[in-house]
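Topology and contacts: notes
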Amino acid sequence: MGRIQVMSEALANQIAAGEVVERPASCVKELVENSLDAEARHIGVTLEDGGITRIQVQDDGVGMDADDLLLATARHATSKIRQPRDLTRIQTLGFRGEALASIAAVARVRMASRPHASELGMQVEVAASQLVSGPRPVGMPPGTVVDVRDLFYNTPARLKYLRTVQTEQARCLEVLQRAALARPDVAFRCETGGRVLWQTSGDGNPLSVMAALFGAGEAKQLLHATRRTADYAVEAWIGRPTQARSTRAHGHLFVNRRPIRNLAIHQAVASAFGQRLMTGRHPVYVLYLEMDPALVDVNVHPHKAEVRFSEERDLAALVQRVVRQALDEAFLVPSIRMAP
Ligand code: ADP
Ligand code: MG
């Protein structure tokens, strides 16, 4: 007999999971993206021990019936694409059908869901890729609850690699803040230790999200600028130099309502501040860019937020002009008004 064997599904899932769920924050990101893809208007997230002990994401999206619930944690199972040509026009945040399979391979997952047309929800429990219970009926409001407990309980090597509860929690909160800023039209609630840390109203106004996240006082000071060109729409809220921070984490960039990272754009904002920023200080900003999806490649890496722009230099120059003009106006206008 040969030495080669095809892996069991559970083992293959566990290995694949390493790619998708690195830490609690990546799990939070995947679950929230699923809620957004399900067209949720309200998303509630509860964390325990920085998400290591528990991550619960509750939404009022379209829900799943019993068949879908059972398939949702299977690998390569997705409702978002059906054929190769769908790959060229993806509108959803997910489409690989790997997230729930990966999470369910390395945690204990309880999932309950109720489509809006159903009277009752259905619930399943899956641990280490095995169905543990269900599907059985449960009373619940329409939508979906995914409850992930004991992340990496069956992969001690990964568990050991996690940082402190505070660090893991900070990373989860960062993911949630970026999701809330990306989608001011969706109400987010973030809880830990029985306490609501923050919540957004879903009123569609980015500034009310900023007020919820950064505090009303900080939000009120931000400078606002908009610009529309043939290719791009830019809307920016820019912190005054006095609001600058000691890390780069307070610069937020969104392209077509997705949180992304791009060094060239960040540097464009920073250079617009020029001498106005002390060394070691980084600008606070929330920058929304809208453009034809053909001008941006979001799939540089499946699980990373980096993107590539086809006209990166033009875009960076535009961003720099918008930010510089907003700063110039804020700091020059009063003296011009005083002139005779
Ligand atoms: P993907 O998002 O790439 O399709 P996932 O593993 O994240 O893969 O989810 C698998 C499928 O489960 C999704 O395609 C979707 O049909 C369903 N699903 C997951 N989460 C939700 C949710 N919160 N509400 C409704 N359906 C969901
Ligand atoms: Mg997904």
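The rules behind each value
- Residues numbered from 1 in each chain as written.
- Chains lettered and ligands numbered in written order.
- Predicted model: local features only at pLDDT ≥ 70, side-chain atom pairs only at ≥ 80, totals over all residues.
- Near = placed C-beta within 6 Å.
- Helix = DSSP H or I, 4+ residues; strand = E, 2+ residues; numbered from the N terminus.
- Nonpolar A, V, L, I, M, F, W, Y, C, P; charged D, E, K, R; others polar.
- Pairing = 2+ DSSP bridges.
- Axes fitted to C-alpha atoms, helices over the stretch in contact; angles between N-to-C directions.
- Parallel < 35°, antiparallel > 145°, perpendicular 65-115°, else oblique.
- Left-handed = near helix turned anticlockwise from the far one by under 90°.
- Contact = placed C-beta atoms within 7 Å.
- Buried ≥ 20, exposed ≤ 12 C-beta atoms within 10 Å, placed from the backbone.
- pLDDT = per-residue confidence, 0-100.
- Core = buried A, V, L, I, M, F, W, Y, C linked by C-beta atoms within 7 Å.
- Domains from an automatic or database assignment.
- Expected span 1.5 Å × (residues − 1).

**Considering the site of ligand 1**
- Looking at ligand 1, there are 24 residues lining it, with Asn-34, Thr-78, Ser-79, Gly-94 and Ala-99 nearest.
- Put simply, the parts of the chain that give the shell around ligand 1 at least two residues each are helix H2 (24–37) and helix H4 (99–105).
- No other element matches H2, which puts four residues into the shell around ligand 1.
- Broken down by class, the residue content of the shell around ligand 1 amounts to nine nonpolar, nine polar and six charged.

**A word on the sheet that holds strand E2 (residues 54–59)**
- Read from one edge to the other, the open sheet built from eight strands follows the order E5-E4-E3-E6-E2-E1-E7-E8, with strand pairing classed as mixed. Only two strands of the sheet have a single neighbouring strand rather than two, namely strand E5 (130–138) and strand E8 (195–199). Between one strand and the next, the sheet's axes are offset by a mean angle of 15°, whatever the strand orientation.
- When strand E4 (residues 121–127) meets E5, the two strands line up antiparallel, connected through six bridges. The partner of Met-122 across the bridge, within E5, is Pro-137.

**A few points about the packing of H2 against helix H6 (residues 165–182)**
- Viewed as axis vectors pointing N to C, H2 and H6 meet at an angle of 25°, and their least axial separation amounts to 8 Å. Between H2 and H6, the angle is such that the two are roughly parallel. Viewed along their axes, H2 and H6 form a crossing whose handedness is right-handed. Across the interface between the two elements, Pro-24, Ala-25, Val-28, Lys-29 and Val-32 of H2 pack against Glu-168, Arg-171, Cys-172, Val-175, Leu-176 and Ala-179 of H6.

**A closer look at the sheet that holds strand E12 (residues 258–260)**
- As summarised here, the arrangement of the five strands in space is E9-E10-E13-E11-E12, forming an open sheet in which the pairing is mixed. Either end of the sheet is taken by a strand with one partner, and the two such strands are strand E9 (223–228) and E12. This sheet shows a mean twist of 20° between the axes of neighbouring strands, independent of strand direction.
- Examined bridge by bridge, E9 and strand E10 (residues 232–238) share six bridges and lie antiparallel to one another. Its bridge partner being in E10, Ala-225 is matched across the sheet by Ala-236.

**Quick word on the environment of Gly-139**
- Within the secondary structure, Gly-139 sits in the loop between E5 and strand E6 (143–149).
- Overall, Gly-139 belongs to the exposed group, with 9 C-beta atoms counted inside 10 Å.
- Counting along the chain gives 27 residues from Gly-139 to Ala-112, while the straight-line C-alpha distance between them is 9.5 Å.
- Once residues lying within four places of it in the same chain are set aside, the contact partners of Gly-139 are Leu-120 and Gly-121.

**Section: the packing of H6 against helix H7 (residues 206–214)**
- The contact between H6 and H7 brings their axes to 9 Å, and the two run at 155°. Here H6 is positioned roughly antiparallel relative to H7, judged by the angle of their axes. Residue-level inspection shows Gln-177, Ala-180 and Leu-181 of H6 in contact with H7, the latter providing Pro-206, Val-209 and Leu-213.

**Quick look at the confidence of the model for the chain**
- Summarising the model, the chain shows a mean pLDDT of 92, and 96% of its residues fall at 70 or more.
- Scored as a complex, the prediction yields pTM 0.93 and ipTM 0.99.

**Structural notes on the pairing of strand E1 (residues 42–48)**
- Sheet topology places E1 next to strand E7 (residues 187–192); six bridges connect them, and they run parallel. Paired with Thr-46 across the strands is Glu-191, a residue of E7.

**A short note on unusual backbone geometry**
- With an omega of 0°, the peptide bond between Gly-134 and Pro-135 qualifies as cis.
- With respect to the secondary-structure elements, Pro-135 resides in strand E5.
- Its identity as a non-glycine residue notwithstanding, Asp-49 has a phi of 50°, on the positive side.

**Details of the nonpolar core**
- Ranked by size, the top nonpolar core spans 84 residues in total, and within it Val-28, Ile-103, Leu-176 and Val-319 carry the most contacts.
- By residue number, the principal contributor to this core is H6, which donates eight residues.
- Each of two domains, domain 1 (9–199) and domain 2 (222–338), supplies a minimum of three residues to this core.
- Excluding residues within four positions of it along the chain, Val-28 makes contact with Val-45, Gly-51, Ile-55, Cys-172, Val-175 and Leu-176.

**Digging into H2**
- An ideal rise of 1.5 Å per residue puts 20 Å on 14 residues; H2 measures up with 20 Å between its terminal C-alpha atoms.
- The element H2 is largely enclosed, with a buried count of twelve among its 14 residues.
- Listed in full, the buried residues belonging to H2 are Pro-24, Ala-25, Ser-26, Cys-27, Val-28, Lys-29, Glu-30, Leu-31, Val-32, Asn-34, Ser-35 and Leu-36.
- The inward-facing, buried residues of H2 contact helix H1 (9–20), E1, E2, H4, E6 and H6.
- Downstream of H2 by one or two residues, Glu-39 has phi in the positive range, about 65°.

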